[in-house]
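The lines below spell out each chain.
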Amino acid sequence: MAAKDPLLQPFQLRHLRLKNRVMSTSHEPAYSEDGLPKERYRLYHAEKARGGMALTMTAGSAIVSRDSPAAFGNLQAYRDEIVPWLAELAGACHEHDCKVMIQLTHLGRRTGWNKADWLPVLSASPVREPAHRAFPKQAEEWDIERIVADYASAAQRMKEAGLDGIEFESYGHLMDGFWSPATNRRDDDFGGSLDNRLRFTNLVLDAVRKAVGPDFIVGIRMVADEDFSAGLSKEEGVEIARRLASSGKVDFLNVIRGTIETDAALTKVIPITGMRSAPHLDFAGEVRAATKFPVFHAARIQDVATARHAIASGKLDMVGMTRAHIADPHILRKVMEGREHEIRPCVGATYCLDRIYEGGEALCIHNAATGREATIPHVIGRAADAPRKVVVVGAGPAGLEAARVAAARGHAVTVLEAAEKAGGQVRLAAHNPRRRELIGIVDWRLSELERLGAEVRYNIWAEADDVLGLEPDVVVVATGGLPQNPPLEAGDDLVISSWDIVSGAVKPADNVLLYDDNGGHQGMTAAEIVANAGSRLELVSPERFFAPEMGGMNHVPYVRAFHEKGVRVTINTRLRSVRREGNQLVAVLCSDFADGWCEERRVDQVVVEHGTQANDDLYHALKPLSKNRGAVDYERLVTGGDIFPPRNRDGGFVLFRIGDAVASRNIHAAVYDGIRFTLRV
């Protein structure tokens, strides 16, 4: 079967043989240190190489010039110091016959002026990008000359580092800023006709080819249709693709459709959960047909079946599965070994990108090893010691991950779950039809537990005796949390929780006030469900902007629903109390900013979201009976060593708690707890 699998066929890109048809497209995980790809960056890419992919594209735009300051951890390709670090990364990937390229760019207007060297942001014309809010100056002739030279110098460094090729970023950055009528309003030799708008690109390509020679692979990741009325049209975009393909200056096209200047637009280019799979695949196929040239593409191609179709149908030459490899860097190895059913699914949560765009590093919502390869393995090895009896109480994301890791280490695992189904708050979140893919977090772990021989027992509200009766060596308390009200002066008994709404236990009333004092998906999901039920809704937050715990890409579908359903959003306002008057409730709203300012709302229902309170009764009942009395050595947890200090000679088992059984956090924190604690068992 492997010999016939379209994904496993090699692809010849001029002199470069790619062993299969799957790649990770360029993206910036923000793992750089001082703008350089050091150990963490190298290990991240090396893991994907070990996992079997043919090509990993580093950097979500390594910057070629000083006046293109990093927007989200970008590598600094204008520095000579980058060469040895990239050489080490390339060597680590080449050991597994994985080719390595890098994306180079000048960010143009897609950055901020008040960072790095505080140099002015520039673009083809002084058109502001909403996402980064900088007002760019128009690039002058001397700017163009020096930036062209910077591109050539950066390309030379990449060749010196032993990379297999480069691509230029041409969507939302400086290069395509010259292409698009929306951002190029010049009346000189770089504006107006398509020939003029391509002049900067051709100057760069000529300078780069002179610097690296004709045999070094050079490609371009390009927008071929900005898909809005003022932007680059499909006709002009495809014409640019034709011209580039016939120029002899580039070796492949990596095709994008859309614009990225706002959060809403970005999600059309990079769709999130609940949005269409592979929305631009057919378009990329059209570009390939029109150019008869090697075409790469990635946009929510998250499963093997879709990727296989993309190659088999001739739409693409190389298929990008970028977020899918953040979730599971060993996709190709599992395909080659006939283990597709073991692939950890990308559920489209886009926690990875939201963290990057909010100034953090890329982390997968349910693979805590990604980005932590130095300390957490993607493949769990068996424990050196004799197998232990491990009891995990709770089958939410923390408990399921702990059970999976313990079972993979060869321990005998029993999971006790109070509900009739596993999943905890993940299953609750998946009640929102738009986010139902999240259940993949649960389903994959249940499948793994079955494969590994772990036992899951349902409908057991475990007490201490239930646990002790199993004679455990290790007890993991993953009992999660229960919804709690925000602090109110009065009316605690009159409000309902977001859980009541999301679970369907309580139906939305006609006129609802939802107070979100947590700022994550929980309150927003409840608000979306209330709005879609046709209720009149006011969403109130004490924050200066609502849902601060949730990134901009996930923000988009909620706000779309709120606009479509006429939801009123009120920020900087705190719910003080609730009282009943007749058949209605009166919510008293006050301000932290203006002493004595309060308003009242008459509504039919008040919904509140204030995170969870740890469901820790079982933990405290077992604590005095345990060897370590529940204690964990955090220093050793981070640096290495035995993390369970002996505190009770008479204790019969090691005890620890994880996830929301400790404190209200999120899915990733629960999964991270589950793996890093249990790896020490």
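The rules behind each value
Residues numbered from 1 in each chain as written. Predicted model: local features only at pLDDT ≥ 70, side-chain atom pairs only at ≥ 80, totals over all residues. Heavy atoms only, no water. Buried < 20%, exposed > 50% of the residue type's maximum accessible area, 1.4 Å probe, protein only. Helix = DSSP H or I, 4+ residues; strand = E, 2+ residues; numbered from the N terminus. Pairing = 2+ DSSP bridges. Right-handed = clockwise from strand over helix to strand, strands pointing away. Polar contact = N/O pair within 3.5 Å; in protein donor to acceptor, adjacent residues only side chain to side chain. Contact = heavy atoms within 4.5 Å. Disulfide = S-S within 2.5 Å. Axes fitted to C-alpha atoms, helices over the stretch in contact; angles between N-to-C directions. Salt bridge = Lys/Arg side-chain N within 4 Å of Asp/Glu carboxyl O. UniProt positions renumbered as here; feature names shortened; annotations may be inferred. 1 Å grid on protein atoms, 1.4 Å probe; cavity = no way out; pocket = protein on both sides within 12 Å on 5 of 7 lines; lining within 4 Å. Points joined across faces, edges and corners; volume = space filled by probe spheres on them. Nonpolar A, V, L, I, M, F, W, Y, C, P; charged D, E, K, R; others polar. Domains from an automatic or database assignment. Buried area = accessible area lost by both parts, 1.4 Å probe.

1. Remarks on the pairing of strand β19 (residues 511-516)
- With 6 of 6 residues buried, β19 lies mostly within the body of the structure.
- Where β19 meets strand β20 (residues 536-540), 5 bridges bridge the pair, whose relative direction is parallel. Directly across from Val512, in β20, lies its bridge partner Leu537.
- Once you follow β19 into helix α19 (residues 521-532) and on to β20, the crossover reads as right-handed.

2. Notes on the side chain of Asn184
- With respect to the helices and strands, Asn184 occurs in the loop between α4 (174-179) and α5 (194-197).
- For Asn184, a relative accessible area of 8% gives the class buried.
- A polar side-chain atom of Asn184 sits 3.0 Å from the main-chain amide nitrogen of Arg186.
- When sequence neighbours within four positions are dropped, the list of residues in contact with Asn184 reads Ala124, Ser125, Gly177, Phe178, Phe190, Gly191 and Arg197.

3. Looking at the state of the cysteines
- If you walk through the whole model with that rule in mind, you get 1 disulfide.
- Between the sulfur atoms of Cys590 and its disulfide mate Cys598 the distance is 2.1 Å. Between Cys590 and Cys598, the S-S torsion sits near 100 degrees, and that sign places the bridge as right-handed.
- According to the relative accessible area criterion, Cys598 is partly exposed, its value standing at 35%.
- Summary of cysteine pairing: Cys364 is not part of a disulfide, and the nearest cysteine sulfur, belonging to Cys352, is at 6.9 Å.

4. Focus on the sheet that holds strand β9 (residues 217-223)
- On the basis of which strands lie adjacent, the closed barrel formed by 8 strands has the order β3-β4-β5-β8-β9-β10-β11-β12 and parallel pairing. Taken over all neighbouring pairs, the strand axes of this sheet differ in orientation by 25 degrees on average, direction set aside.
- Both strand β10 (residues 252-256) and strand β11 (residues 295-297) contribute to a ladder of 3 bridges, which runs parallel. Considered in β11, the bridge of Asn254 is made with Phe296.

5. Some details on the environment of His27
- When you line up the elements, His27 lands in the loop between β3 (22-24) and α1 (39-50).
- A C-alpha to C-alpha distance of 34 Å links His27 and Asp188, two positions 161 residues apart in sequence.
- Excluding its chain neighbours within four sequence positions, the residues that come into contact with His27 are Tyr41, Tyr44, Lys48, Met57, Ala59, Gly60, Thr322 and Ile326.
- A polar atom in the side chain of His27 sits 2.8 Å from the backbone oxygen of Thr25.

6. Concerning the pairing of strand β5 (residues 99-105)
- With 7 of its 7 residues buried, β5 lies for the most part within the structure.
- Residues of β5 alternate between two faces, with Lys99, Met101, Gln103 and Thr105 on one and Val100, Ile102 and Leu104 on the opposite face, all of them buried.
- On the question of chirality, the crossover connecting strand β4 (residues 55-63) to the parallel β5 by way of helix α2 (residues 82-94) is right-handed.
- Sheet topology note: the β5/strand β8 (residues 165-170) ladder contains 4 bridges and is parallel.

7. A closer look at the pattern of salt bridges
- Tallied over the entire structure, the rule returns 52 salt bridges.
- For the salt bridge of Asp188 with Arg186, the shortest nitrogen-to-oxygen distance reads 2.8 Å.
- Residue Asp188 is classed as partly exposed on the basis of its relative accessible area of 30%.
- A relative accessible area of 8% means that Arg186 is categorised as buried.

8. Here's the deal with the UniProt feature "domain: FAD/NAD(P)-binding" (unreviewed entry) in the protein
- The feature "domain: FAD/NAD(P)-binding" (unreviewed entry), as annotated in UniProt, sits at residues 389-629 in this numbering.
- Segment residues 389-629 splits into 31% helix and 27% strand. End C-alpha atoms: 18 Å apart.

9. Quick word on the layout of surface pockets
- Of the volumes computed, that of the second largest pocket is approximately 550 Å³.
- Forming the walls of the second largest pocket are 22 residues, and the residues nearest its centre are Pro130, Ala131, His132, Arg133 and Tyr357.
- When residues of the lining of the second largest pocket are traced back to their parent elements, those giving at least two are α8 (263-269) and α13 (351-357).
- Its residues placed into classes, the lining of the second largest pocket shows 10 nonpolar, 6 polar and 6 charged.

10. A word on unusual backbone geometry
- Its identity is not glycine, yet Arg14 carries a phi of approximately 50 degrees, on the positive side.
- Relative to the elements of secondary structure, Arg14 occurs in the loop between β1 (11-13) and β2 (16-18).
- Classification of Arg14 by relative accessible area gives partly exposed; the value is 39%.
- The backbone phi angle of Lys292 is positive, close to 50 degrees, even though this residue is not glycine.
- Relative to the helices and strands, Lys292 resides in the loop between α9 (281-291) and β11.
- For Lys292, a relative accessible area of 73% gives the class exposed.

11. Quick look at the domain arrangement of the protein
- Each assigned domain of the protein is listed with its residue range as follows: domain 1 (2-7 + 17-359), domain 2 (389-480 + 615-679) and domain 3 (483-613).
- Domain 1 and domain 3 are separated by 40 Å when their C-alpha centres are compared.
- Listed as interface residues are 12 residues of domain 1 and, on the opposing side, 7 residues of domain 3.
- Contact with domain 3 buries area across many residues of domain 1, yet Asp263, Ile272 and Asp354 alone supply 50% of it, more than any other trio.
- Our count for the contact surface shared by domain 1 and domain 3 stands at 0 salt bridges.
- Of all elements in the fold, only α8 and α13 reach the threshold of two or more residues within the side of domain 1 that touches domain 3.
- Top element by residues in the side of domain 1 that touches domain 3 is α8. It accounts for 4 residues.
- For the side of domain 1 that touches domain 3, the class distribution of residues is 7 nonpolar, 2 polar and 3 charged.

12. Here's the deal with the side chain of Asp354
- Relative to the assigned elements, Asp354 resides in helix α13.
- Polar side-chain contacts of Asp354 include one of 2.8 Å to the backbone nitrogen of Met553.

13. Side note on the UniProt feature "domain: NADH:flavin oxidoreductase/NADH oxidase N-terminal" (unreviewed entry) in the protein
- Under the feature "domain: NADH:flavin oxidoreductase/NADH oxidase N-terminal" (unreviewed entry), the UniProt entry names residues 7-341.
- Counted over residues 7-341, helix gives 36% and strand 16%. Its end C-alpha atoms are 16 Å apart.

14. Focus: empty space enclosed by the protein
- Across all of its chains, the model carries 3 cavities of 30 Å³ or more by this definition.
- In this structure, the largest cavity occupies an estimated 490 Å³ of space.
- Together, 36 residues line the largest cavity, and Ser26, His27, Tyr171, Ile270 and Leu353 are the ones closest to its centre.
- Of all the secondary structure elements, the ones that give two or more residues to the lining of the largest cavity are β4, α8, α11 (322-327) and α13.
- Considered as a void within the structure, the second largest cavity measures approximately 150 Å³ in volume.

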